[in-house]
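Each chain, letter by letter, is given below.
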Amino acid sequence: MTAAAGERAYHRPETVAEACRNLADAEGQTMVVAGGQTVMLMLREGIVDPDALVDVSAIPALGGVSVDDGTATFGATTTYADLAAHDLSERVTMFEDACAVVGDRQIRNAGTLAGAVCYGVAALDILSVLLCLDATLAIESADGHRTQALDDFLRGDGETDLGRAELVTGIDVTLPPSDAGSAYIKHSSVEAGWPTVGVAATVTVDDGEFTDVSVGLTAVADRPIRAPSVEDALDGAAVSEDALATAAGAASEDIDPSDDRGGSARYKRALTPTLVERTLETATRRAGGAL
Ligand SMILES: Cc1cc2nc3c(=O)[nH]c(=O)nc-3n(C[C@H](O)[C@H](O)[C@H](O)COP(=O)(O)OP(=O)(O)OC[C@H]3O[C@@H](n4cnc5c(N)ncnc54)[C@H](O)[C@@H]3O)c2cc1C
């Protein structure tokens, strides 16, 4: 279905193939619209002025969450509210934690996970959660299909590897073991505001030792990142508050914050180890670890 909105073309395809054709055939600048939370703001403020919009919200194949053994797949139009309401959020509690603190109810009801992935700014809460779970993207275009690790897809603050006529169709994540504990904690200067720092963590406790440690950080580098120094420091360590404090201190080696709307680089640097420690503590308790 195609309609004209002023001089801007508006397409509302019902299949992925049709959306890819709309993107490939369009002349000038084209933008995909999913939940529209970011796109509409950018249009209103004159930050973007595309020649065509391709609205993917009416493509049934892009909806839904599926779980298969150790993997979950989120269709591109899965919203924060969809994820929070899914059984998976009871098992992987950092999903529930993160979805609860994104913007306001309207953003959570309309904003999609793939929209956040393609917006790709460093301060997006859900991206460090997805990085923790080694997320991989399914990407479609008129030229074919490709997959890419989220970690490689995110190039810089608001910069991604998405091609001009490409559509993200799904996000695959590797689920932590069923006895793992996870958490996402964000600190904002205003309630429900953009994060000063956000920390996602998942840990398993096996025979009194940490295993399968995974930590992701939001708003402390030019893009959401993993924290390998923290993960290496904790993996195999005996469960204790001292081990958590030591590992959390190593976060300073992984971050490179800048001043942004969430706070100054100096504040972010000071806050990160404390928030990493608190998040790991919550994840450890949820994994049944004795602290
Ligand atoms: C007032 C406000 C407060 C916010 N607060 C927070 C917050 O506290 N924490 C937080 O994490 N986020 C926050 N956000 C950001 C919000 O989470 C994202 O804007 C939202 O997730 C984007 O999803 P969307 O579906 O609305 O994307 P859209 O606005 O529809 O699209 C966003 C971008 O992704 C592209 N795109 C979308 N889907 C696809 C696809 N399938 N394939 C290819 N490209 C695609 C679009 O072209 C566009 O460039 C806030 C946003 C607003 C407006």
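Above: the structure in question.
So, here's what we can say about the structure.

**Some details on the side chain of Ser128**
Okay, so step 1: Mapped onto the elements, Ser128 comes out in helix α8 (residues 125–132).
Okay, so step 2: For Ser128, the side chain forms a polar contact with the side chain of Thr218, separated by 2.8 Å.
Okay, so step 3: Excluding residues that lie within four positions of it along the chain, Ser128 makes contacts with Tyr184, Ala200, Gly216, Leu217, Thr218 and Pro224.

**With respect to the environment of Gly198**
Okay, so step 1: If you trace the backbone, Gly198 turns up in strand β13 (residues 195–206).
Okay, so step 2: Judged by its relative accessible area of 0%, Gly198 falls in the buried class.
Okay, so step 3: Taking the C-alpha atoms as reference, Gly198 lies 36 Å from Tyr10; in sequence the two are 188 residues apart.
Okay, so step 4: Filtering out sequence-adjacent residues up to four positions away, Gly198 remains in contact with Tyr184, Ile185, Lys186, Gly216, Leu217, Thr218 and Leu275.

**Some points on the site of the ligand**
Okay, so step 1: Lining the immediate surroundings of the ligand are 32 residues, of which Val32, Gly35, Thr38, Thr112 and Asp125 lie closest.
Okay, so step 2: Between the ligand and Gly103 there is a distance of 3.0 Å, counted from an oxygen atom to a backbone nitrogen or oxygen.
Okay, so step 3: Lys186 has a polar side-chain atom sitting 3.0 Å from an oxygen atom of the ligand.
Okay, so step 4: Every element with two or more residues in the shell around the ligand is listed here: β3 (30–33), α2 (39–44), α7 (113–119) and β11 (167–174).
Okay, so step 5: No other element matches α7, which puts 5 residues into the shell around the ligand.
Okay, so step 6: Counted by class, the shell around the ligand contains 20 nonpolar, 9 polar and 3 charged residues.

**Re the pairing of β11**
Okay, so step 1: For β11, the tally of buried residues reaches 6 of 8 residues, placing the bulk of the element in the interior.
Okay, so step 2: Relative to β11, strand β6 (residues 71–75) is paired through 5 bridges, and the arrangement is antiparallel. For Gly75, the partnering residue across the bridge sits in β11 and is Gly170.
Okay, so step 3: By the bridge criterion, 5 bridges tie strand β7 (residues 136–141) to β11 in an arrangement that is antiparallel. Considered in β11, the bridge of Thr136 is made with Asp172.

The rules behind the values
- Residues numbered from 1 in each chain as written.
- Predicted model: local features only at pLDDT ≥ 70, side-chain atom pairs only at ≥ 80, totals over all residues.
- Heavy atoms only, no water.
- Helix = DSSP H or I, 4+ residues; strand = E, 2+ residues; numbered from the N terminus.
- Polar contact = N/O pair within 3.5 Å; in protein donor to acceptor, adjacent residues only side chain to side chain.
- Contact = heavy atoms within 4.5 Å.
- Buried < 20%, exposed > 50% of the residue type's maximum accessible area, 1.4 Å probe, protein only.
- Near = heavy atom within 4 Å.
- Nonpolar A, V, L, I, M, F, W, Y, C, P; charged D, E, K, R; others polar.
- Pairing = 2+ DSSP bridges.

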